[in-house]
Amino acid sequence: MNHARFLIVGASGYVGSHLRAALGREFSIATYNRTPISGGVHFDPVTMRLSGTILRGAHGLTHAFLLYGMSNIDECARNPELAHEINVGSLKRVIDDLVAAGVVPVFASSDAVFDGSRGMWTEEDAVNPVLTYGRHKARGEQYLNQKSCPWLIVRLAKVVSTAPGSVDMLGDWMTQLETGTPIRCAYDQVFSPVDVDDVVRALIRLSEGSFSGIYHVCGPEPVTRLELLKMLVDEVHKYRDVSAQIVPCSIRDFDFAEPRPLNTSMSPRKLYAGLGGGFDDMSVVCARAAAQRYAR
Ligand SMILES: NC(=O)c1ccc[n+]([C@@H]2O[C@H](COP(=O)([O-])OP(=O)(O)OC[C@H]3O[C@@H](n4cnc5c(N)ncnc54)[C@H](OP(=O)(O)O)[C@@H]3O)[C@@H](O)[C@H]2O)c1
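Residues numbered from 1 in each chain as written. Predicted model: local features only at pLDDT ≥ 70, side-chain atom pairs only at ≥ 80, totals over all residues. Heavy atoms only, no water.

Think of a ball as big as a water molecule: rolled over the atoms, this probe shows where empty space is left. Tallied over the full model, the rule gives 1 cavity of 30 Å³ or more. Empty space within the largest cavity amounts to approximately 40 Å³. Tyr68, Ile86, Asn87, Leu91, Phe107 and Lys137 are the residues that line the largest cavity. Here the lining of the largest cavity takes 3 residues from helix α3 (residues 80–100), the largest share from any one element. The residue makeup of the lining of the largest cavity, split by class, is 4 nonpolar, 1 polar and 1 charged. (1 Å grid on protein atoms, 1.4 Å probe; cavity = no way out; pocket = protein on both sides within 12 Å on 5 of 7 lines; lining within 4 Å. Points joined across faces, edges and corners; volume = space filled by probe spheres on them. Helix = DSSP H or I, 4+ residues; strand = E, 2+ residues; numbered from the N terminus. Nonpolar A, V, L, I, M, F, W, Y, C, P; charged D, E, K, R; others polar.)

Quick look at the structure:
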């Protein structure tokens, strides 16, 4: 018997794989495109329709997490047509099919919908993306916003993980600290990073409750990239004697395809009020990441 209530489109990705693990295979249908996952369903949103595949006939699904897309910011800038087809064109068809089938779309947007000119952006603030990736996210939001049925837009901040062996920003930094590799790190990029476990909890709580609308899914405090690295170094030092070679620099010194917005920190107030509590701040998350990796 099929008990699946949740569809995860993009379950082979970073957030999707954590969400699938938390929901359990019995209660979710998980799709992948180029990266097969055990028990997953192949679905290419560009060439296939949900209406002709997963949503055909009785399905029992209530919510669909839309976590797929071209998520690399520079790749979107270098291949804007392809990125648009994946991140906007196919997304619209996926949303249409879900709405027609009575399934609530939960779209993973991004703090990149903001221009970075100030910070602590709220859900009421106007979006003004300066990146191709951010413009595509804003178009997806706009499309969903016009639908009269229930929907959720979750604007994710930079997602980090404390799992040992995780290949993400914290894991990469710890590897660089261990090998003595110099780390160039921006003192002027501000964001509100969030632990992937908190992201997953928020996604599940929002979809299990009667929530609808836009939510900022982010950590409690804005932090610069350099401050975050220093927090992590302090925690690593509790376990290992690493000689951190940190090279402070401006985010403008990196050779990105498009200049990054400076301050995309978001206010989590609406989310935390809805959930009845907030997330751990980055000092706690860094402590956990170091402990998971080094504590015996
Ligand atoms: N991680 C973050 O810090 C962060 C921050 C803000 C917003 N977000 C957004 O949150 C969502 C999930 O992020 P993530 O970090 O989990 O992304 P990710 O690890 O890059 O995963 C991307 C997912 O999209 C799928 N995908 C990529 N190209 C595709 C294509 N052409 N057709 C169909 N599927 C395709 C991948 O499937 P296959 O590999 O199987 O092809 C994978 O499941 C994304 O929309 C991202 O933009 C993430």
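Read on, since the account is not over.
With that settled, consider the pattern of salt bridges. Applying the stated criterion across every chain yields a total of 12 salt bridges. Between arginine 93 and glutamate 85 there is a salt bridge, with its nearest N and O atoms 2.8 Å apart. The exposure class assigned to arginine 93 is partly exposed, which follows from its relative accessible area of 24%. Among the residues examined, glutamate 85 registers a relative accessible area of 29% and is labelled partly exposed. Its salt-bridge partner being arginine 155, residue glutamate 141 comes within 2.8 Å of it at the nearest N-O pair. Of the two residues, glutamate 141 sits in helix α4 (residues 132–145) while arginine 155 sits in strand β6 (residues 152–156), which places them 14 residues apart along the sequence. You can call arginine 155 buried: its relative accessible area is 2%. (Salt bridge = Lys/Arg side-chain N within 4 Å of Asp/Glu carboxyl O. Buried < 20%, exposed > 50% of the residue type's maximum accessible area, 1.4 Å probe, protein only.)

Each assigned domain of the chain is listed with its residue range as follows: domain 1 (6–159 + 194–217) and domain 2 (161–191 + 221–263 + 280–294). In this structure, domain 1 and domain 2 have C-alpha centres spaced 26 Å apart. In this assembly, domain 1 packs against domain 2 so that about 1500 Å² is buried in total across both faces, 53% of it on carbon and sulfur atoms. Taking the shortest distance from any N to any O, the salt bridge between arginine 260 and aspartate 74 comes out at 3.2 Å. Here domain 1 is connected to domain 2 by 9 residue pairs in polar contact (both at pLDDT 80 or more). Elements with a minimum of two residues in the side of domain 1 that touches domain 2: α1 (14–23), α2 (73–78), α4, β10 (194–195) and α6 (196–208). Take the side of domain 1 that touches domain 2: its biggest share by element is 4 residues, from α2. When grouped by side-chain class, the residues that make up the side of domain 1 that touches domain 2 number 11 nonpolar, 5 polar and 9 charged. (Domains from an automatic or database assignment. Buried area = accessible area lost by both parts, 1.4 Å probe. Polar contact = N/O pair within 3.5 Å; in protein donor to acceptor, adjacent residues only side chain to side chain.)

In a packed pair of helices, the relevant descriptors are the angle between the two axes and the axis-to-axis distance. Contact geometry for α1 and α6: axes closest at 9 Å, N-to-C directions at 60°. Considered as vectors, α1 and α6 are oriented oblique to each other. In this structure, the crossing between α1 and α6 has a hand that is right-handed. On α6, the residues touching Tyr14, Val15, His18, Leu19, Ala22 and Leu23 of α1 are Val196, Asp197, Val199, Val200, Leu203 and Ile204. Looking at side-chain class alone, the contact of α1 with α6 contains 10 nonpolar, 1 polar and 1 charged residues. (Axes fitted to C-alpha atoms, helices over the stretch in contact; angles between N-to-C directions. Parallel < 35°, antiparallel > 145°, perpendicular 65-115°, else oblique. Left-handed = near helix turned anticlockwise from the far one by under 90°. Contact = heavy atoms within 4.5 Å.)

Let us look at the side chain of serine 109. Looking at the secondary structure, you find serine 109 in strand β5 (residues 104–110). Polar side-chain contacts of serine 109 include one of 2.7 Å to the side chain of glutamate 141.

This brings us to the packing of helix α5 (residues 169–179) against helix α9 (residues 282–294). Running from amino to carboxyl end, α5 crosses α9 at an angle of 60°, the nearest separation of the two axes being 11 Å. Taken together, the axes of α5 and α9 are oblique relative to one another. α9 is crossed by α5, and the crossing has right-handed handedness. Judged by residue contacts, Leu170, Gly171, Met174, Thr175 and Glu178 of α5 engage Val285, Ala289, Ala290, Arg293 and Tyr294 from α9. Taken together, the residues that form the contact of α5 with α9 break down as 6 nonpolar, 2 polar and 2 charged.

Looking at the ligand, there are 24 residues lining it, with Ser12, Arg34, Thr35, Ser71 and Tyr133 nearest. The contact in question runs from an oxygen atom of the ligand to an N or O atom on the backbone of valine 15, over 2.8 Å. Within the side chain of serine 71, one N or O atom sits 2.6 Å away from an oxygen atom of the ligand. For the ligand, the accessible surface in isolation is 890 Å², of which the surrounding protein chains cover 86%. Among the elements of the structure, α1, β5 and α4 are those that each provide at least two residues to the shell around the ligand. (Near = heavy atom within 4 Å. Areas by Shrake-Rupley, 256 points an atom, 1.4 Å probe, with all protein chains shown as cover.)

Turning to unusual backbone geometry, a few remarks are in order. With a phi close to 50°, methionine 120 is a non-glycine residue in the positive phi region. Looking at the secondary structure, you find methionine 120 in the loop between β5 and α4. Residue classification places methionine 120 among the partly exposed positions, given a relative accessible area of 33%.

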